[in-house]
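# Working through the structure, step by step
Listed here are the chains, written in short residue letters.
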Amino acid sequence: MPNVRISLIKVEKKREKYLVLSEKEVIGIERSLTTTEFETSIQTKLNIVRKIMVVSFLYSGEKFVKVSGNFYKVERTYDLGQYIELYLASTPLLGEDFIYE
């Protein structure tokens, strides 16, 4: 059951900022990290804090996701066929770190 609205953000690095190439709002399904996923996150130092599933054809390799005004980096994906799981890590990024043209 869809339970979270997110923005998938495709960017290009420009010096200290990110140039937004595209941004699309989609509905996803947030799931809890399993114990194994959480332990793997700690071991690999990826700091994965959220797992969100979206319909596969909506995801086009975006590197950032915005959820409730917070920006997350897509560290890992797992294709489940109809859905793709996005494993998200916290970032210190703010809205002013992104350039919209």
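Small disclaimer: the values here were computed from a predicted structure and weren't measured.

A separate point is the pairing of strand E1 (residues 4-14). In terms of strand pairing, E1 meets strand E2 (residues 17-31) through eleven bridges, oriented antiparallel. If you follow Leu8 over to E2, its bridge partner there is Lys24. Inspection of the sheet shows E1 paired to strand E4 (residues 64-67) by three bridges, in the antiparallel sense. Bridged to Ser7 within E4 is Lys66.

Here we take up the pattern of salt bridges. This structure, assessed with the given rule, holds six salt bridges. The residue Arg50 makes a salt bridge to Glu30 at a minimum N-O spacing of 2.7 Å. Taken together, the residues Arg50 in strand E3 (residues 48-55) and Glu30 in strand E2 connect sequence positions 20 residues apart. Accessibility expressed as a relative area gives 18% for Arg50, which makes it buried.

A few words now on the environment of Ile52. Counting through the fold element by element, Ile52 comes out in strand E3. Note on Ile52: relative accessible area 0%, which makes it buried. As a C-alpha pair, Ile52 and Asn70 span 18 residues in sequence and 14 Å in three-dimensional space.

One non-glycine residue with positive phi stands out, namely Arg15, at about 55 degrees. The topology assignment puts Arg15 in the loop between E1 and E2. Here Ser68, not a glycine, exhibits a phi torsion of approximately 50 degrees, which is positive. With respect to the helices and strands, the residue Ser68 is situated in the loop between E4 and strand E5 (70-79).

Evaluation of the coordinates by the stated rule reveals four aromatic pairs. Grouping aromatic residues by their ring pairs yields a cluster made of Tyr18, Phe64, Phe71 and Phe98. When the ring centre of Tyr18 is taken as origin, the NZ or CZ atom of Lys13, which lies over that ring, is 4.5 Å away. Residue placement shows Arg76 over the ring face of Tyr87; its charged tip is 4.2 Å from the ring centre.

Ranked by internal contacts, the top residues of the largest apolar core, which has 14 residues, are Ile6, Val54, Val65 and Leu86. With residues up to four places along the chain from it excluded, the contact list for Val65 reads Ile6, Ser7, Leu8, Asn70, Phe71, Tyr72, Val74, Leu86 and Leu88. If you look at the next biggest cluster of nonpolar residues, it comprises eight residues, including Val11, Val20, Phe64 and Phe71.

Parameters and conventions
Residues numbered from 1 in each chain as written. Predicted model: local features only at pLDDT ≥ 70, side-chain atom pairs only at ≥ 80, totals over all residues. Heavy atoms only, no water. Pairing = 2+ DSSP bridges. Helix = DSSP H or I, 4+ residues; strand = E, 2+ residues; numbered from the N terminus. Salt bridge = Lys/Arg side-chain N within 4 Å of Asp/Glu carboxyl O. Buried < 20%, exposed > 50% of the residue type's maximum accessible area, 1.4 Å probe, protein only. Phe/Tyr/Trp six-rings, centres within 6.5 Å; stacked < 30°, edge-to-face > 60°. Lys NZ or Arg CZ within 6 Å of the ring centre and 35° of its normal. Core = buried A, V, L, I, M, F, W, Y, C linked by side-chain atoms within 4.5 Å. Contact = heavy atoms within 4.5 Å.

Read these as layout, nothing more, since geometry by itself doesn't imply function.
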